[in-house]
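Structural overview
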Amino acid sequence: MTTILGLAGSLRRASYNRGLLRAAAEVAPAGITIELGSIDDVPLYNGDLEDAEGLPASVQRLQGQLRDADALLLVTPEYNGGIPGVFKNAIDWMSRGEGLAHFREKPVAVIGASPGGFGTILSQNHWNQVLRRLNTQPWFGGQVMVSRAGTHFDAERNLVSEDLRVQLATFLDGFAASYRK
Ligand code: FNR
């Protein structure tokens, strides 16, 4: 059994990337559990806030989930050719204090969905430099880049494309196999 902490990098209710994360949890092959984390309550990083109050409860919760997980799955939107601020903000908070150590050598995979034609490739590439800085072990053995997301999700953002559900399951299988002994 392996546990992967899954984080989606969008705050909006009708997010394709939230839907993609939910789908990952649904299709995960036997022996793989996707724990659904949330960045919804993470405030904007402010060093003054950290100095005065320490780490917010939402950040401490995420740090604990990351510590206890075997691996991390980032489900990223793309904004202006890069990582959305809210997602980077959450990871920045998570890297504070003891949290930095939880990233070290953690296997990490990145997937994403966009209504456009390039499936978050720029955002996924953007994550590489952050993941390197955090001393993680990024996994490059597979790809899930969902383009034209509107054609693959229903109104409730359920992933309805059977091909993509199979692709997602295969991706998760390969990711888990890469770090499982
Ligand atoms: C976008 N979007 C976008 N899409 C993309 O493929 N490449 C991009 O560079 C951008 N840039 C961008 C900037 C800003 C400020 C916004 C608000 C949006 C569109 C984006 O992919 C779309 O809104 C997705 O639906 C966002 O992901 P969620 O919220 O559906 O998960």
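An account of the accompanying structure is given in this report.

Conventions used here
- Every chain begins its residue count from 1, and numbering advances along the sequence as written.
- Per-residue local features of the predicted model are confined to residues with pLDDT of at least 70, and side-chain atom pairs are confined, for both listing and counting, to 80 or more; whole-chain, interface and lining totals are unaffected and use all residues.
- Remark: hydrogens and water are excluded; side-chain values derive from all non-hydrogen atoms of the structure.
- Strand pairing is assigned whenever DSSP identifies at least 2 bridges connecting the two strands.
- Only DSSP runs of H or I reaching four residues or more are called helices, and only runs of E reaching two or more are called strands; each is numbered from the N terminus.
- Consider the strands pointing away from the viewer: the crossover is right-handed when the path from the first strand over the helix to the second runs clockwise.
- The buried label goes to any residue with under 20% of its type's maximum accessible area, the exposed label to any with over 50%, and the partly exposed label to all in between, with areas taken from a 1.4 Å probe on protein chains only.
- Helix span, expected: 1.5 Å multiplied by one less than the number of residues in the helix.
- The reported arc concerns the directions from the helix axis to the C-beta atoms and nothing else.
- Note on terminology: near, applied to a residue and a molecule or strand, indicates that one of the residue's heavy atoms is within 4 Å of it.
- Under this definition, polar contacts are N or O atom pairs within 3.5 Å; protein pairs additionally need one hydrogen-donor-capable and one acceptor-capable atom, and for neighbouring residues in sequence, both atoms have to be side-chain atoms.
- Every accessible area reported is derived by Shrake-Rupley at a probe size of 1.4 Å, with residue values counting cover from the shown protein chains alone.
- In this classification, the charged set is Asp, Glu, Lys and Arg, the nonpolar set is Ala, Val, Leu, Ile, Met, Phe, Trp, Tyr, Cys and Pro, and all remaining amino acids, among them Gly, are polar.

1. What to know about the pairing of strand E2 (residues 32–36)
Every other side chain in a regular strand lies on the same face of the sheet, so the side chains alternate between the two faces. Relative to E2, strand E1 (residues 2–8) is paired through 5 bridges, and the arrangement is parallel. Directly across from threonine 2, in E2, lies its bridge partner isoleucine 32. Between the parallel pair E1 and E2, the chain is carried across by helix H1 (residues 16–27), and the sense of this crossover is right-handed.

2. A closer look at unusual backbone geometry
One non-glycine residue, threonine 120, lies in the positive phi region at around 70°. Tracing the chain through its elements places threonine 120 in the loop between strand E4 (107–113) and helix H6 (121–133). On the basis of relative accessible area, threonine 120 is assigned to the buried category, the value being 1%. Unusually for a residue other than glycine, asparagine 135 sits at a positive phi of about 60°. Locating asparagine 135 in the fold gives a position in the loop between H6 and strand E5 (137–138).

3. Brief notes about H6
Taking 1.5 Å as the rise per residue, H6 with 13 residues should run 18 Å; its terminal C-alpha atoms sit 19 Å apart, in good agreement. Within H6 the residues assigned to the buried category are Ser123, Gln124, Trp127, Val130 and Leu131. Each buried residue of H6 sits inside an arc of 110° when the element is viewed along its axis, so together they form one side. Away from its buried face, by an angle of more than 90 degrees, H6 presents the exposed residues Arg132 and Arg133. A positive phi of about 60° marks asparagine 135, the residue just after H6.

4. Let's talk about the site of the ligand
Near the ligand, the surroundings consist of Ser10, Arg12, Ser15, Tyr16, Asn17, Pro77, Glu78, Tyr79, Asn80, Gly81, Ser114 and Pro115. Arginine 12 has a polar side-chain atom sitting 2.8 Å from an oxygen atom of the ligand. In the model, an oxygen atom of the ligand is placed 2.6 Å from a nitrogen or oxygen of the serine 15 side chain. Computed on the free molecule, the ligand has an accessible area of 620 Å², of which 69% lies beneath the protein chains in the complex. In terms of residue class, the shell around the ligand is built from 4 nonpolar, 6 polar and 2 charged.

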